[in-house]
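This is what each chain is made of:
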Amino acid sequence: MDAPAELIAILRKVERAAVLTGAGVSQESGLRTFRDSQEGLWAKYEPTDLATPEAFARDPKLVWDWYAWRSEAIKGARPNRGHYALAEMEAAIPNFSLITQNVDGLHRFAGSRNVLELHGNIQRVRCSVCGEFAENWDEEAEVTPACSKCGGLLRPHVVWFGEPLPEAILTAALVAVKECQVFFSIGTSGVVQPAASLARAAQTHGAIVVEINAESTPLTLQADYFFQGKSGEVLPDLVKEVWGKA
Ligand code: BV8
Ligand code: ZN
């Protein structure tokens, strides 16, 4: 991949960068993206129907089992070259924020440190009543495992549709978006809000926007640079061209 010379020059001297990643970055780790994550037993459900507080209130076991199924798939997943390239970018850029919509924890697994999990983390479980985090739980429970503190139903520590994003994490992401000189949008269809508005916010504050995605998205026309391709291929090439590693 040949990145334009002016982009390479900009990246070589960038001090502050922010990245937003979506499910596309984990696709080459064998994880299905959010839009196509339904198969088999789950084919008849829309993710946006299951990832809601209403669905959990209506049928906590169904929702719990769906997350247990996804969590199993994630346990077998390993970071791909795109995740590792982002960890190298963080080491090469003085002030670097990795904002992710992904709940699979693969960025930290690959060595990224400043990771802002906008939508939570599927490997963490908390009480739906008192909020206490659970370290272990009874998977064979009748409905869903119960909180050891108050007996409430346990739920995955993810942000469902209609739920607010964790305030401190969203605030940190907005600061990173305001301050960055370059903003990358990688492996996301740019549909889910408020994450999908971050790129335009960065651009409004003067940042250059670089999109890397398998297909064009609503952001593509506004982005300053668009690389169509797999993040597990484009990112290592870009890191090698700019910083000579990967
Ligand atoms: C909130 C955790 C307010 C759970 C997730 C109408 C208009 C605008 C907004 C709304 C609206 N109606 C409702 C809303 C708000 C709603 C929303 O945005 N809805 C959408 C459906 C329109 N948002 C919310 O509800 C948010 N909360 O607004 O709260 C509020 C405020 C105060 C008080 C109360 C409430 C909460 C949103 C968070 C939802 N949780 N995840 C779980 O995972 O189960 S979202 C979930 O879906 C993911 O986390 C991710 O964010 C999203 C999937 O998007 P992507 O990551 O982009 O994945 P996708 O599959 O779509 O795309 C993958 C892309 O990668 C594709 O383009 C593909 O081409 C590309 N690709 C594939 N392979 C590769 C690749 N690219 C590169 N390389 C590859 N190899
Ligand atoms: Zn509790």
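Here, every reference points to the structure presented above.
Attention in this report is confined to the structure presented alongside it. Per chain, the residues get numbers from 1 upward, laid out in the order the sequence is written. Chains carry letters from A onward and ligands carry numbers from 1 onward, assigned in written order. Local features are withheld for residues below a pLDDT of 70 in this predicted model, meaning they are given only at 70 or higher, and side-chain atom pairs are given and counted only at 80 or more; totals for whole chains, interfaces and linings count all residues. Hydrogen atoms and water are omitted, and side-chain values are computed over all heavy atoms in the structure.

## Considerations on the site of ligand 1
- The full set close to ligand 1 counts 33 residues, and Tyr67, Arg70, Val159, Gly162 and Ser189 are the nearest of them.
- Two N or O atoms count as a polar contact when they lie within 3.5 Å, although within protein this holds only if one can serve as hydrogen donor and the other as acceptor, and sequence-adjacent residues are included solely when both atoms are side-chain atoms. Take Gly24: an N or O atom from its main chain is 3.4 Å from a nitrogen atom of ligand 1.
- A distance of 2.6 Å separates an oxygen atom of ligand 1 from a polar side-chain atom of Arg70.
- Counted by class, the shell around ligand 1 contains 13 nonpolar, 14 polar and six charged residues.
- A domain-level breakdown of the shell around ligand 1 finds at least three residues from each of domain 1 (5-31 + 79-119 + 165-243) and domain 2 (32-76 + 122-158). By convention in these notes, a residue is near a molecule or strand provided one of its non-hydrogen atoms lies within 4 Å of it. Think of it as three bins: nonpolar holds Ala, Val, Leu, Ile, Met, Phe, Trp, Tyr, Cys and Pro, charged holds Asp, Glu, Lys and Arg, and polar takes everything else, Gly as well. Marked domain ranges trace back to an automatic or database domain assignment.

## Comments concerning the pattern of salt bridges
- Basic side-chain nitrogens of Lys or Arg form a salt bridge, by our definition, when they fall within 4 Å of a carboxyl oxygen of Asp or Glu. For the structure on display, the rule yields five salt bridges.
- The salt bridge involving Glu163 is made with Arg155; its shortest N-O contact spans 2.8 Å. Each member of the pair, Glu163 together with Arg155, is buried. Buried residues are those whose accessible area, probed at 1.4 Å on protein chains only, stays under 20% of the maximum for their type, while exposed residues exceed 50% and partly exposed ones sit between those limits.

## Quick look at the side chain of Ser185
- Within the secondary structure, Ser185 is located in strand 7 (residues 182-186).
- The residues contacting Ser185, other than those within four sequence positions of it, are Leu20, Val210, Glu211, Ile212 and Leu219. Where helices and strands are cited, they refer to DSSP runs of H or I of at least four residues and of E of at least two residues respectively, numbered from the N terminus. Contacts are residue-level and defined by heavy atoms, with any inter-residue pair within 4.5 Å sufficient.

## Focus: the sheet that holds strand 7
- With respect to topology, six strands assemble into an open sheet ordered 3-2-1-7-8-9, the strand pairing being parallel. Each edge of the open sheet is held by one strand with a lone partner, namely strand 3 (115-117) and strand 9 (225-228). Neighbour to neighbour, the strand axes of the sheet diverge by 15° on average, direction disregarded.
- Here an axis means a line fitted to C-alpha atoms, over the contact stretch when the element is a helix, while the angle between two N-to-C directions is reported on a 0 to 180 degree scale. Each of strand 1 (16-21), strand 2 (95-100) and strand 7 touches helix 6 (residues 81-92); the most contacted strand, strand 2, lies at about 150° to it.
- In the packing of helix 8 (residues 167-179) onto the sheet, the strands contacted are strand 1, strand 2, strand 3 and strand 7, and the crossing angle to strand 3 comes to about 130°. Paired strands, as defined in this entry, are two strands with at least two bridges between them according to DSSP.

## Regarding the environment of Ser26
- Locating Ser26 in the fold gives a position in helix 2 (residues 24-27).
- Residues Ser26 and Gly105, 79 residues apart in the sequence, show an inter-C-alpha distance of 9.9 Å.
- In this view, Ser26 contacts Leu31, Asn80, His83, Asn102, Asp104 and Leu106; residues no more than four positions away in its chain are not counted.

## What to know about the packing of aromatic side chains
- Under the pairing criterion, centres of Phe, Tyr and Trp rings, with the six-membered ring standing for Trp, must be within 6.5 Å; the plane angle then separates stacked pairs below 30 degrees from edge-to-face pairs above 60, leaving the rest tilted. In the structure shown here, the tally under the stated rule is four aromatic pairs.
- With a centroid separation of 6.2 Å and an interplanar angle of 90°, the aromatic rings of Trp64 and Trp137 are classed as edge-to-face. Remark: Trp137 occurs in the loop between strand 5 (133-134) and strand 6 (154-158) and Trp64 occurs in helix 5 (residues 60-75); sequence separation between them is 73 residues.
- Of the residues examined, Trp137 reaches a relative accessible area of 30% and is grouped as partly exposed.
- Here the aromatic rings of Tyr67 and Trp160 are separated by 6.2 Å at their centres, their planes lie at 45°, and the arrangement is tilted. With Tyr67 in helix 5 and Trp160 in the loop between strand 6 and helix 8, the pair connects residues that are 93 residues apart, well separated along the chain.
- Site record: aromatic cluster; members linked through ring pairs are Phe56, Trp66, Tyr67 and Trp160.
- In our convention, an over-ring charge means Lys NZ or Arg CZ found within 6 Å of a ring centre and within 35 degrees of that ring's normal. A cation over a ring is seen here: Arg70 above Trp66, with NZ or CZ 4.6 Å from the ring centre.
- We note Arg124 situated over the ring of Phe133; from NZ or CZ to the ring centre the distance is 3.9 Å.

## Some words on the environment of Leu219
- Tracing the backbone shows Leu219 in the loop between strand 8 (208-213) and strand 9.
- Along the chain, Leu219 and Ala92 lie 127 residues apart, while their C-alpha atoms are 26 Å from each other.
- If sequence neighbours within four positions are ignored, Leu219 has contacts with Ser185, Ala199, Val209 and Glu211.

## What about the nonpolar core?
- Only buried residues count toward a nonpolar core, which is a set of Ala, Val, Leu, Ile, Met, Phe, Trp, Tyr and Cys residues joined through side-chain atoms within 4.5 Å. Ranked by size, the top nonpolar core spans 28 residues in total, and within it Leu11, Met89, Phe184, Ile186 and Phe227 carry the most contacts.
- Contributing elements (two or more residues each) for this core: helix 1 (5-13), strand 1, helix 6, strand 2, strand 7, strand 8, strand 9 and helix 10 (231-243).
- Excluding residues within four positions of it along the chain, Met89 makes contact with Phe96, Phe184, Leu235, Val239 and Trp243.
- Membership of the second largest hydrophobic core comes to 20 residues, among which are Leu20, Cys180, Ala195 and Leu198.

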